[in-house]
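# Reading the structure
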Amino acid sequence: MSNFINIDGDVNFFYEDSGADGLDPSEYTTIVLIHGLGFNGAVFRKLFPFGPEHNYRIVSLYRRGYAPTSPWTKEEEALFTSSDLKAGKEFLRLAGLQTAKFLLGFAVSREIPKYDKERKTGGILLIGWSLGALYPHAMLAALDGLTTEELGQLESYLHAVVYYGMSVSFASSVTLNTNDFQSQIHLQFLSGSRVQLSQSGTVSEQWASFKKLCTNYYVHPNPYSHDLADLNFKEPDEGRPASLSDLSEDELEQMTSLEMFATHDQSPHIISPEAFRITSRRALFNVEMARYLPNVKVRILCGTEGWGLFMFSVNEMERALKDPSSVFGKDAERAREFKVLRLERGNHFVFWDEPNWALTQFGASLDD
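Right, let's walk through the structure included here. If you're wondering where the values come from, they're calculated on a predicted model, not measured in any experiment.

Now for the overall build of the protein. When you go through the protein residue by residue, the secondary structure sums to 13 helices and 11 strands. In terms of overall dimensions, the protein is globule-like: its C-alpha atoms have a radius of gyration of 19 Å, near the 21 Å expected for 368 residues. With respect to the principal axes defined by its C-alpha atoms, the protein has extents near 50 × 45 × 45 Å. Per-residue burial over the protein gives 58% buried out of 368 residues. For the protein, the proportion of contacts with a sequence separation of at least 24, taken over those separated by at least 6, is 76%. Looking at the protein as shown, the accessible area adds up to about 14900 Å², and 48% of this sits on carbon and sulfur atoms. The centroid of the 34 positive side-chain charges in the protein is displaced by 6 Å from the centroid of its 48 negative side-chain charges.

Have a look at this one:
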């Protein structure tokens, strides 16, 4: 069977699939993962061997532009290379609707088990990692764009959404100095690592700096603090090897795309900040939108040993639980239920360094 799902006639999404071998065919859960900035779906392969232990079928989606998934068209590129508010909103809505249609196409064509609410088995757990968290987030904000039939089908499968390692929308920006370069961090929700790397270096040098930030481990004075001074943005733990450090350059190249890192995945720096804030309000902080798929659980996770930005972002989401308008603007209100959780350990690549433990944590995060 082809590892492609076609949507809208001319868009083909490629995915890697651990398959259903070794699983209970009537009640296994399908985990769909969406990769982050610069990395393709191969980054999740280390999870695959541990799927049967948890009765999980693991599917790794390749985002648009990451071959062999279809590239963005010129018309679509114009949307995410524009700072116009309308264009940004249109792109985020398109990304969200296509995510929903992939889930529907996969669920129906591959005949996966539907979600059993009583037994808490089957269905789909959708996990967005880093920049990849933008896509389930945009999907929740675009549910009113699905037909009644599509919503009914999606509700029978999708039971939870997890954001792991994301960035949060904030009205201001914070300038931070790292060991390697000075970076301007604009805190916009789910815009990946939201780092404007030094433009003086080559793309390869910028990529190396970005990868160092994300793959290292950090010791924080207080990872639960809402004070930037208690978070470590500068000094990685030199006593621990960085994630992916065991890979050769050829192996790393197979799971990355410098072209996407330098082009499409820089779109969060271009798209209107207000477009991200509107999307965030619609996804989580709008009473009318929360009536769509009201039973879907939403969890926002991070490890306590990742870069300080990821920690701060989760802390901000915790603040938004109490007072949404203080983070997302005056129109934000308590609406869709979600929880903010911190793993007792792990950095941005916990699924790579401790894949079996990570799967356990993802599942446990859904416990009421």
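On we go.
With the rule as written, the count across this model stands at 0 disulfides. Cys302 provides the cysteine sulfur closest to Cys214, a residue in no disulfide bond, and the two sulfurs are 13 Å apart. Exposure remark for Cys214: the relative accessible area of 3% places this residue in the buried category.

Excluding glycine, residues mostly carry a negative phi; peptide bonds, for their part, are mostly trans. In this structure, the amide linkage connecting Ala67 to the following residue, Pro68, adopts the cis form with an omega of 10 degrees. Relative to the elements of secondary structure, Pro68 occurs in the loop between strand E4 (56-61) and helix H2 (74-80). Positive phi, close to 55 degrees, is recorded for Ser130, a residue that is not glycine. Structurally, Ser130 can be placed in the loop between strand E5 (124-129) and helix H4 (134-141).

Moving on to the pairing of strand E1 (residues 4-7). Burial along E1 is one-sided: the face carrying Ile5 and Ile7 is buried and the face carrying Phe4 and Asn6 is not. Here E1 pairs with strand E2 (residues 11-17) via 4 bridges, running antiparallel. Residue pairing for E2: Phe4 is matched across the bridge by Phe14. Hairpin connection between E1 and E2: a loop of 3 residues separates the two successive antiparallel strands, and Asp8 in this loop has a positive phi of roughly 55 degrees.

Next up on the list: the pattern of salt bridges. Inspection of every chain in the model, using the stated rule, returns 18 salt bridges. In this structure, Asp368 engages Lys120 in a salt bridge whose closest nitrogen and oxygen atoms are separated by 3.8 Å. Residue Asp368 is found in the segment after helix H13 (355-364), and its partner Lys120 is found in the loop between helix H3 (85-109) and E5; the two are separated by 248 residues along the sequence. With relative accessibility at 70%, the residue Asp368 sits in the exposed group. Take Lys120: its relative accessible area is 53%, and that puts it in the exposed class. In this structure, the salt-bridge partner of Asp144 is Arg282, at a minimum N-O distance of 2.8 Å. Placement of the pair is Asp144 in the loop between H4 and helix H5 (148-157) and Arg282 in helix H9 (residues 273-284), with a sequence separation of 138 residues. Under the relative-accessibility criterion, Asp144 is labelled partly exposed at 31%. Judged by its relative accessible area of 24%, Arg282 falls in the partly exposed class. Taken together, the shared-partner salt bridges connect Arg93, Asp144 and Arg282 into one network.

Within H13, 7 of the 10 residues are buried, which leaves the element mostly enclosed by the surrounding structure. Residues Pro355, Trp357, Ala358, Leu359, Gln361, Phe362 and Gly363 constitute the buried set of H13.

Reading the values: the criteria
- Residues numbered from 1 in each chain as written.
- Predicted model: local features only at pLDDT ≥ 70, side-chain atom pairs only at ≥ 80, totals over all residues.
- Heavy atoms only, no water.
- Helix = DSSP H or I, 4+ residues; strand = E, 2+ residues; numbered from the N terminus.
- Rg over C-alpha atoms; globule rule 2.2 N^0.38 Å.
- Buried < 20%, exposed > 50% of the residue type's maximum accessible area, 1.4 Å probe, protein only.
- Contact = heavy atoms within 4.5 Å.
- Areas by Shrake-Rupley, 256 points an atom, 1.4 Å probe, with all protein chains shown as cover.
- Lys, Arg positive; Asp, Glu negative; His and termini not counted.
- Charge placed at Lys NZ, Arg CZ, Asp CG, Glu CD.
- Disulfide = S-S within 2.5 Å.
- Pairing = 2+ DSSP bridges.
- Salt bridge = Lys/Arg side-chain N within 4 Å of Asp/Glu carboxyl O.

Without other data, these values stay purely geometric and don't point to any function.
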